[in-house]
Amino acid sequence: MNKKKVIIIGAGPAGLTAAYELSKTGKYDITVLEADNQVGGISKTVNHQGNLIDIGGHRFFSKSQKVLNWWAKFLPILDTTHHLEIGYHSKTQNLDEILRKNSEGAMLVRKRKSRIYFNKKLFEYPLKLNPQLLLNLGILKSYRIVKGIIYARIFPIKNERNLEDFFINNFGKELYHTFFKDYTEKVWGKPCTDLSSEWGRQRIKSLKIRDLVKHSAQKILIPRKYQNASARTLIEKFLYPAKGPGMLWEKVAAACMDSGVVFLFQAKLSKLHIEDGLVTKVSYQTSQNPENVLDCDAVFSTMPIKNLIHTIQDEVPIEVAKIAQELEYRDFLIVGLELKTLKIEQEKGKLIKDNWLYIQDGGVKVGRLQIFNNWSPFMAPANNIWIGAEYFCQHTDELWNMSDEKIIDFALTELSTIGVLDKKQFLSGKVVRCPKAYPTYSGSYHHLNQVIDYLDTKKNLFPMGRNGLHKYNNQDHSMLTAFKAVELFERGEMSKMEIWAINSDDEYLG
Ligand SMILES: Cc1cc2nc3c(=O)[nH]c(=O)nc-3n(C[C@H](O)[C@H](O)[C@H](O)COP(=O)(O)OP(=O)(O)OC[C@H]3O[C@@H](n4cnc5c(N)ncnc54)[C@H](O)[C@@H]3O)c2cc1C
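In what follows, the accompanying structure is described.

Here is what the cut-offs are and how they apply
Residues numbered from 1 in each chain as written. Predicted model: local features only at pLDDT ≥ 70, side-chain atom pairs only at ≥ 80, totals over all residues. Heavy atoms only, no water. 1 Å grid on protein atoms, 1.4 Å probe; cavity = no way out; pocket = protein on both sides within 12 Å on 5 of 7 lines; lining within 4 Å. Points joined across faces, edges and corners; volume = space filled by probe spheres on them. Helix = DSSP H or I, 4+ residues; strand = E, 2+ residues; numbered from the N terminus. Nonpolar A, V, L, I, M, F, W, Y, C, P; charged D, E, K, R; others polar. Domains from an automatic or database assignment. Salt bridge = Lys/Arg side-chain N within 4 Å of Asp/Glu carboxyl O. Buried < 20%, exposed > 50% of the residue type's maximum accessible area, 1.4 Å probe, protein only. Contact = heavy atoms within 4.5 Å. Polar contact = N/O pair within 3.5 Å; in protein donor to acceptor, adjacent residues only side chain to side chain. Pairing = 2+ DSSP bridges. Axes fitted to C-alpha atoms, helices over the stretch in contact; angles between N-to-C directions.

**Some details on empty space enclosed by the protein**
Going through the model one piece at a time under the given rule, you end up with one cavity of 30 Å³ or more. Mapped by element, the contributors of at least two residues to the lining of the largest cavity are strand S8 (121–124) and helix H4 (131–137). When its residues are assigned to classes, the lining of the largest cavity shows three nonpolar, three polar and two charged. Of the domains in this structure, domain 2 (59–124 + 236–242 + 329–439) and domain 3 (125–233) are the two that each give at least three residues to the lining of the largest cavity.

**Notes on the pattern of salt bridges**
One pass over the structure, following the stated rule, counts 21 salt bridges. Between lysine 322 and glutamate 326 there is a salt bridge, with its nearest N and O atoms 3.4 Å apart. Overall, the relative accessible area of 42% leaves lysine 322 in the partly exposed class. The network of salt bridges with shared partners includes Lys484, Glu487, Arg491, Glu493 and Glu498.

**A short note on the environment of aspartate 54**
Positionally, aspartate 54 belongs in strand S4 (residues 51–54). Residue classification places aspartate 54 among the buried residues on the basis of a relative accessible area of 0%. Each C-alpha atom of the pair aspartate 54 and isoleucine 42 lies 8.7 Å from the other, and the pair is twelve residues apart in sequence. Those residues in contact with aspartate 54 that sit more than four places away from it in its chain are Lys44, Tyr240, Pro245, Ile334, Phe372 and Met379. Among the polar contacts made by the side chain of aspartate 54, one reaches the main-chain amide nitrogen of glycine 57 at a distance of 3.2 Å.

**A word on the sheet that holds strand S23 (residues 461–463)**
The five strands lie next to each other as S10-S2-S1-S14-S23, forming an open sheet whose pairing is parallel. Both edges of this open sheet fall to strand S10 (262–265) and S23, since each of them pairs with a single strand only. Recorded for the sheet is a direction-independent mean angle of 15 degrees between the axes of neighbouring strands. Pairing of strand S2 (residues 28–34) with S10, which is carried by four bridges, proceeds in the parallel orientation. Following the sheet pairing, leucine 33 is matched in S10 by leucine 264. Contacts from helix H18 (residues 475–491) reach strand S1 (4–9), S2, strand S14 (298–301) and S23 within the one sheet, and its direction differs from that of S14 by about 165 degrees.

**A word on the sheet that holds strand S15 (residues 312–313)**
One open sheet accounts for four strands, arranged S13-S12-S11-S15; its pairing is mixed. In the strand order of this sheet, the two ends are held by strand S13 (292–295) and S15, each with one partner. In terms of strand pairing, strand S11 (residues 268–275) meets S15 through two bridges, oriented parallel. Each bridged residue has a counterpart across the sheet, and for histidine 273 the counterpart in S15 is glutamine 313.

See below:
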């Protein structure tokens, strides 16, 4: 029997989920085209001399039981929160043994800890209005913060025009300037006055002042066992593959290969050939050959919409091409740094327990600091300190275009300036650039519907994933879009609107 030929563009979470689900049916010849030389997409793990980099720190959690079951099928879940006391020499005998017995690896249950680093001090995150905060900030600053909050309550800005107004109305001017402005501007590369207040409403809904106070009071007054269990779980624990997110996706890819899925690496999709509203062939480029052609009956795409529209060999309406061209992204780069010690310590010789720190200081470009040892001790097998300095940027920025050596030195200098490390403790470093890490809701985003409608006219083309839908999707959302795409394809459904509807409340969990 002639099997239908399915092409999947991208071996990230969405592409691999679709490949696996389709391969289970045994009905299709599946080829995955991947521009990179490894699987995982943004959720890959990069290996630097045995030290592992996770691009951005990927917490695994989901409200979908289907997603949770799917993960557990590939990596058994081990609750290590009681076995693992993180310190400089972090692997306990106990956990080593557990993982050795389970040579296939595991998904660890990890405790979340992340704080704000500002002015050489650490502050709880989400911010807690407690005596520690006031002590760290000093009497004058604390007075100004409280005054700012009261003022904002009595005299709120009537029409919130932008994110700055939103922050000030919710937190007061002083708290906004101290803890929100610089970090937000680093992440988005724009002044808060140029970001919409709608953005704040969607993303910061859980950070209202009254919630900060309530949460802090609850922690102090209510015994732990009576606190809201699901909220606690979401905030304080997450799942994490022992060797970073890529470990899961490598396992999924291996299972796909076992069922006959063909993976072509360093193979970049360049053209979708259209006949009568259907994709009939795809072209892709490799280093050896600028044009290879494959016939197809269906295409599942996770590549950025901006690029996808350009590959369509059809009369794309000028307006649609323009909207796609003007979609905007935020790029991201991470600098892995291996060190003998870190300057900020929990106590003498003990590494702080945070998975990551938000770097609030405005004088430096670094936005967050991942402490990979605390995600999983298996991320840093040599037992040195293994951190990741994160920079939110544009690929046109000077920083992005500097040599790797210069970027490493830049990161070391910034981190030593703000008291995180001593340059003399540096052992080795690695730079990973991640273009189009964040599809942003700016530029032509508000006209995206026209692109969606146009793509929907290509009956056998299934967009899915994060950049594939230009939506701020986490791994679980990306997977849910792939489940839906497979379901619609199997049902012979022509409209893809059910895929676009997933995660439409734009829930932000990062
Ligand atoms: C900083 C950061 C932190 C994050 N933190 C979390 C988190 O804590 N938890 C969480 O669940 N999610 C998190 N995410 C989101 C997560 O990374 C994404 O949801 C997920 O990787 C998206 O999967 P995807 O398959 O849609 O796309 P991608 O991961 O982007 O994969 C797409 C693949 O397509 C390939 N490709 C692109 N163009 C072509 C082409 N022309 N031809 C062939 N191949 C092509 C790319 O090389 C890539 O491998 C985070 C993201 C970022 C940027």
